[in-house]
Amino acid sequence: MAGGVRRKSPGSPSPLWGKLHTLWQDKHLVLFKTEYTLLVVSVLWFLEIGFNAWVIQKVAYTEIDWKAYMDEVEGVINGTYDYTELKGDTGPLVYPAGFVYIFTVLYYITSHGVNIRLAQYLFAAFYLITLLLVFRIYHRTKKVPPYVFFFVCCASYRIHSIFVLRLFNDPVAMMLLFGAINLFMDGHWTLGCGLYSLAVSVKMNVLLFAPGLLFLLISEFGLIRTIPKLSLCAGIQLLLGLPFLLENPVGYMSQAFDLGRQFMFKWTVNWRFLPEWLFLDRYFHLILLASHLLALLLFALRRWKRPGESIFDLLKDPSKRKAPAQKTTVDQMVLILFTSNFIGMCFSRSLHYQFYVWYFHTLPFLLWSGGVKKLAHLLRVLILGLIELSWNTYPSTIGSSAALHVCHLIILLCLWLAPPLPSAPPAETEEPTPEKDKGQ
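Just so you know, these numbers come straight off a predicted model, no measurement behind them. (Residues numbered from 1 in each chain as written. Predicted model: local features only at pLDDT ≥ 70, side-chain atom pairs only at ≥ 80, totals over all residues. Heavy atoms only, no water.)

Some details on the pattern of salt bridges
On inspection of all chains with the given rule, the structure shows 10 salt bridges. The partner of Lys203 in a salt bridge is Asp170, and the shortest N-O contact between them spans 2.7 Å. One end of the pair, Lys203, is in the loop between α9 (189-200) and α10 (210-247); the other, Asp170, is in helix α8 (residues 170-185), and 33 residues separate them in sequence. Of the residues examined, Lys203 reaches a relative accessible area of 7% and is grouped as buried. Connected via shared salt-bridge partners are Lys67, Asp71 and Asp89. (Salt bridge = Lys/Arg side-chain N within 4 Å of Asp/Glu carboxyl O. Helix = DSSP H or I, 4+ residues; strand = E, 2+ residues; numbered from the N terminus. Buried < 20%, exposed > 50% of the residue type's maximum accessible area, 1.4 Å probe, protein only.)

In structure tokens:
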């Protein structure tokens, strides 16, 4: 009827019904097709809320470092700013100033650190925030099949323990780090650098991502325009540490950024098959450091840099390079950062149990980024399982440490055998605009 209400034809289903119909048709592929990553991780994230509450209520809390953290920040609250005089049950304060400020807040929220149950729920919130940030990375990259996230969430007793049963500071640093990576993905480089520096101020392990981040900054901006971002990172460290630097600068730097700290053999996860004298030997440490630097250099020159691109040309402003500047994709960005951190883990002088969180959430991405096509899904899952088993073996054994190194070597070789970054077709040269860095 003219002028009447036009009715939908019975044969044209709504868009929502179309999506549901497609989902039902692909139900057997939901766990394998990366376009369903968001759906799967959303379900898992809500399940994790209940699972973490169950763990907190049913599994006994284990005191390791929480009381020591509270003793250390209580010393600062009482007016002690000399880092050499700040101590806890497990030894001196060895973390940068950001740790002090964040755990001071936790100190007050948890009634001077006494309310452990509340602290556990706070760390459960940190865990859920970390998962959101990690899942967003995987949703953006769409590289890992969704079924793998069941192993990321449900299969790791050690990770849940590190967050909600041990209350280590490592998860706080990694939560901030993944927040910074999300900012980098969105083009907010300046804000990302600020958050990255804050993560470093909680625990120094975040510096393992620094070589990859430096490479990305230089690729994106050139050397000159990278300097202000590095200055921001340094300025944040200086500002946070100022009260302690004014009191005892040498004491603060030597305690908070002690790169030569000796680890105890009884806690090592990765070097149990070595004799203790070799584990403690400084020449062995130098060999590991040299190997670490060499591996980073090789990856930077042969895997991170595009073929035919000069490393010296890379230092120039993108608008002045011989070849047109090519924007780094999110996949490439995440791969470079995760690989940088993983190389550091492979050549670490020692890995303690809580250090697992340093790379746990990056392992699926690294495994599914490797260049060995015959490394089937089942083998990748097996490697994840062996790594998990190695980190859950307490105390570590010769076999668990050796298995961990074998898995690391396989992943490293797969990353090396991955094809180098593609050379994009020449693009039209355009003047750089401030919008390139949304964080400025």
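Comments concerning the packing of α10 against helix α11 (residues 249-256)
Look at α10 against α11: their axes get within 5 Å of each other, and the N-to-C directions meet at 125°. As far as their axial angle goes, α11 and α10 are oblique. On the side of α10, the interface is formed by Gly241, Phe244, Leu245 and Glu247, while α11 contributes Pro249, Tyr252 and Met253. (Axes fitted to C-alpha atoms, helices over the stretch in contact; angles between N-to-C directions. Parallel < 35°, antiparallel > 145°, perpendicular 65-115°, else oblique. Contact = heavy atoms within 4.5 Å.)

A short note on the UniProt feature "transmembrane region" (unreviewed entry) in the protein
Under the UniProt annotation, "transmembrane region" (unreviewed entry) lies at residues 36-56, 93-109, 121-138, 195-218, 230-246 and 283-301. Secondary structure content for residues 93-109 is 76% helix and 0% strand, while the C-alpha to C-alpha distance between its ends is 21 Å. In residues 283-301, helix accounts for 100% and strand for 0%; the two terminal C-alpha atoms are 27 Å from one another. (UniProt positions renumbered as here; feature names shortened; annotations may be inferred.)

Some words on the environment of Thr339
Locating Thr339 in the fold gives a position in helix α15 (residues 330-346). For Thr339, a relative accessible area of 1% gives the class buried. For the pair Thr339 and Ile411, spaced 72 residues apart in sequence, the C-alpha to C-alpha distance is 9.9 Å. Residues contacting Thr339, with those up to four places away along its chain left out, are Phe299, Trp304, Leu366 and Leu415.

Focus: the side chain of Glu48
Mapped onto the elements, Glu48 comes out in helix α2 (residues 37-58). Within the buried set, Glu48 has no salt-bridge partner at all; the shortest N-O distance to an opposite charge, 15 Å, is to Arg158. If near-sequence neighbours (up to four positions away) are discounted, Glu48 is found in contact with Tyr127, Leu128, Leu131, Cys153, Cys154 and His160. (Lys, Arg positive; Asp, Glu negative; His and termini not counted.)

Let's talk about the packing of aromatic side chains
Scanning the entire structure with this criterion turns up 41 aromatic pairs. Geometrically, the ring pair formed by Phe32 and Tyr147 is tilted, given 5.3 Å between the ring centres and 45° between the ring planes. Of this pair, Phe32 sits in the loop between α1 (15-25) and α2 while Tyr147 is found in the loop between α5 (116-141) and α6 (148-153), placing the two residues 115 residues apart along the sequence. Geometrically, the ring pair formed by Tyr81 and Phe244 is tilted, given 5.7 Å between the ring centres and 50° between the ring planes. In this pair, Tyr81 sits in the loop between α3 (66-77) and β1 (87-88) while Phe244 sits in helix α10, placing the two residues 163 residues apart along the sequence. On the accessibility criterion, Tyr81 (34% relative accessible area) is partly exposed. Overall, the relative accessible area of 1% leaves Phe244 in the buried class. Residue placement shows Arg303 over the ring face of Trp416; its charged tip is 4.6 Å from the ring centre. (Phe/Tyr/Trp six-rings, centres within 6.5 Å; stacked < 30°, edge-to-face > 60°. Lys NZ or Arg CZ within 6 Å of the ring centre and 35° of its normal.)

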